[in-house]
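Single-letter residue listing:
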Amino acid sequence: MAVIELKNVKKVYGKGNAQVEALKNINFKADKGEVVLIMGPSGAGKSTFLTIAGSLQKPTSGEVLINGEDISNFSAKKRNELRLNRIGFVLQAYNLVPFLTVEEQFTLVDKVKKQNNLSRDELNDLLKQLGITDLVKKYPSELSGGQQQRAAIARALYANPEILLADEPTASLDTKNVEEVGQLFKDLAKKRDKAVMLVTHDPRLEKYADHIYEMMDGQMTQKK
Amino acid sequence: MFLAIKEIKHEKLRYGLIILMIFLISYLIFMLSSLAVGLASENTQAIYSWDTQKVVLNKNSNVIMTQSVLTKKDLKNAKIGKSEAYVGQLGMVVKHKNRDTVSAQFLGIKKDQFIYKEQKLASGRKAKNSDEVTVDSSFKNKGYKLGDKIKLNGSSQKYKIVGFVNNAKINIAPIVYGSLSTWKKMRMAAPNVVTSAIISKNGDYKFNHRNAKTYPINKFISKLPGYTAQNMTFELMIGFLFVISLIIIAVFLYILTMQKMHNFTVMCAQGIPSKTLVGATVSQSIILVAIGVIIGLILMWITSAALPATVPMSFTPTIMISGTVGMLVMGVIGSLIPIRSILKVDPAKAIGE
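Residues numbered from 1 in each chain as written. Chains lettered and ligands numbered in written order. Predicted model: local features only at pLDDT ≥ 70, side-chain atom pairs only at ≥ 80, totals over all residues.

A. Representation of the overall build of chain B within the structure. Each helix and strand counted, chain B has 10 helices and 13 strands in total. Along the first, second and third principal axes, the C-alpha atoms of chain B reach 100 × 45 × 25 Å. The burial tally for chain B puts 39% of its 353 residues in the buried class. (Helix = DSSP H or I, 4+ residues; strand = E, 2+ residues; numbered from the N terminus. Buried ≥ 20, exposed ≤ 12 C-beta atoms within 10 Å, placed from the backbone.)

Below is the structure:
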């Protein structure tokens, strides 16, 4: 069973003449241990896809299944719980809480999610893998773009989610860093058994993907 | 609480300025409240020290003791028991050749009645003869001593201070306790005049006559010259300060919340519950107010200790507690205003930002 599956998902914004169909009958699935790329130009519907797959908003119609359970009609509170427990986000601008050190970003997760977070040893392993062990006492403003990106990944994984969603994770990285981040996502999928979904228009990430979907005008087609 | 404390510690200048504002407001509230209570106390100290429940005055005195005169005829049927005492009040000037001149209130009392018997002396003894007086302790601050011979209203007669009395102020003036006969003499009253008022400790005491009426203590106090106007002025100022503090807290927190909306959106997208974000905002407000108020309390305590005793300031535990609670309530109410915005955060907006 796919860890995440979208069946005939539609998303319509606006009403009447202002109506826009952002997603048209999307069918998609991803398994643990896979890196799936969702590519496409700006305005193709990638972000809308990510918000629905990540349970940030409800689809207009269709089903969104997480481990076989339809979450498309979950209340805001249940969707919140789902995101906290089972979905990790790495957002475009890294989006660390600016007044918390890297270490405190994990403490915040501990405050709201008491169980099934990474153990101290697991966290240390992850930080080592990400190469940010020495940066835990620093605030986001004291980190470089690449370091912030890694810290954001560590925070997303700290809650031990099954699914990791990343929005344009290489948007502001140079080629060397893109290679490192691409390999990192691949390692996270394989070694930590996560379903990693990357929404990007960066072709440099293609070589790390198990599957590639292309979005155009709200429609999705599988390329690989 | 975690988010609130971490943010305050990280943004020291920003939150320091808010704390400064709250401290200044709370300091002003404590200062005005202390002055209000201090002045009110100096209006009524003596009345409360007698444990007064009822006051009998001349019906035409407009409930003001200095304007009241009760004659033998008026009091013919009045029952004067252990809980009742005559008081003759007269405003006067106290002079001594080597001391500051003091505006005071002379109260003539009878030796066989409870006000004389229950006088609480700070030092010295009670007056035994009509040429002896006891005076409020504040006379000591103006250099008066036991044994000083004072003149009242410039009369040639001298009166010896034989005791200092605690809590002896009325109408914001220190009291000179003397005999009722001295009061009659000073007032140049007709022979049939007995007293200005009957003070009763008995809540059920009642004596009504064609010329006399019994008033409850609250009515009597509210009619003290300037008392109600003065208290209402202070209450109005303190009330406005609370409202101003509410507005400042609400506006600051609203602006800060709007500035942090991006953070709230991201945290909401990551599944941080709304109650955590709301809790952080409310607790942040409580922390800011608590720190501001504590600094205000400390400075107010130093101020009240440093000010001379002549300043009618009474910084009581009641003021401390009510001021602190009032400010905290304002802080919580102020923090509720930006909460609506937090609850309406759309986590989907975190994508693509």
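B. Fine view of the overall build of chain A. Across its full length, chain A holds 6 helices and 10 strands. Overall, chain A is about 55 × 40 × 35 Å in size when its C-alpha atoms are taken along their principal axes. Going through the 224 residues of chain A one by one, you find that 45% of them count as buried. In chain A, once contacts between residues fewer than 6 apart in sequence are set aside, the share between residues at least 24 apart is 70%. (Contact = placed C-beta atoms within 7 Å.)

C. Looking closely at the packing of helix H7 (residues 227-259) of chain B against helix H9 (residues 274-306) of chain B. All names here are of chain B. Taken N-terminus to C-terminus, the directions of H7 and H9 make an angle of 135°; their axes are 11 Å apart at the nearest point. As judged from the angle between their axes, H7 and H9 are oblique. Note that H7 runs across H9; the crossing there is right-handed. Each of Ile249, Leu253 and Thr257 in H7 lies in contact with H9, whose residues at this interface are Thr281, Ser285 and Val289. (Axes fitted to C-alpha atoms, helices over the stretch in contact; angles between N-to-C directions. Parallel < 35°, antiparallel > 145°, perpendicular 65-115°, else oblique. Left-handed = near helix turned anticlockwise from the far one by under 90°.)

D. View of the sheet that holds strand E4 (residues 61-66) of chain A. The strand order across the open sheet built from 4 strands is E2-E1-E4-E5 (chain A), with neighbouring strands paired in antiparallel fashion. At either margin of the open sheet sits one strand with a lone partner, and together these are strand E2 (20-30) and strand E5 (69-70) of chain A. (Pairing = 2+ DSSP bridges.)

E. Layout of the domain arrangement of chain B. All names here are of chain B. What the domain assignment lists for chain B is domain 1 (2-43 + 228-350) and domain 2 (54-204). Its C-alpha centre places domain 1 at a distance of 47 Å from the equivalent point of domain 2. Facing 6 residues of domain 1, the contacting portion of domain 2 comprises 4 residues. For the side of domain 1 that touches domain 2, the residue count by class is 3 nonpolar, 2 polar and 1 charged. (Domains from an automatic or database assignment. Nonpolar A, V, L, I, M, F, W, Y, C, P; charged D, E, K, R; others polar.)

F. The arrangement of the sheet that holds strand E3 (residues 35-39) of chain A in detail. Residues and elements named next belong to chain A. Taken together, 6 strands build an open sheet; the order of strands is E6-E7-E8-E3-E9-E10 and the sheet is mixed. Looking at the sheet topology across the chains shown, the edges are occupied by strand E6 (87-90) and strand E10 (219-222). Adjacent strand axes in the sheet meet at a mean angle of 20° when their direction is disregarded. Where E6 lies against strand E7 (residues 163-167), 4 bridges are found, and the strand directions are parallel. What sits directly across from Gly88, in E7, is Leu164.

G. Layout of the UniProt feature "domain: ABC3 transporter permease C-terminal" (unreviewed entry) in chain B. According to UniProt, the "domain: ABC3 transporter permease C-terminal" (unreviewed entry) feature falls on residues 237-347 of chain B. Secondary structure across residues 237-347 of chain B divides into 83% helix and 0% strand, with the first and last C-alpha atoms of the span separated by 44 Å. (UniProt positions renumbered as here; feature names shortened; annotations may be inferred.)

H. Spatial organisation of the environment of B:Tyr159. Residues and elements named next belong to chain B. Structurally, Tyr159 can be placed in strand E8 (residues 158-165). Taking the C-alpha atoms as reference points, Tyr159 and Asp131, 28 residues apart in sequence, are found 4.8 Å from one another. Once residues lying within four places of it in the same chain are set aside, the contact partners of Tyr159 are Asp131, Glu132, Val133, Lys149, Ile150, Leu152 and Gly178.

I. Main features of the UniProt feature "transmembrane region" (unreviewed entry) in chain B. In the numbering used here, UniProt assigns the "transmembrane region" (unreviewed entry) feature to residues 15-39, 236-256, 277-302 and 314-339 of chain B. Regarding residues 15-39 of chain B, the helix share stands at 100% and the strand share at 0%, and the terminal C-alpha atoms are separated by 36 Å.

J. Fine view of the confidence of the model for chain A. Of the residues in chain A, 99% have a pLDDT of 70 or more, and the chain-wide mean is 89. No element of chain A has a lower mean pLDDT than helix H6 (residues 175-192) of chain A, at 86, and none a higher one than E3(A), at 94. (pLDDT = per-residue confidence, 0-100.)

K. A look at the interface of chain B and chain A. With 21 residues of chain B at the interface, the matching set in chain A holds 24 residues. If you list the elements that add at least two residues to the side of chain B that touches chain A, you get helix H1 (2-10) and helix H8 (261-269) of chain B. With 5 residues, the top contributor of residues to the side of chain B that touches chain A is H1(B). For the side of chain B that touches chain A, the residue count by class is 11 nonpolar, 6 polar and 4 charged.

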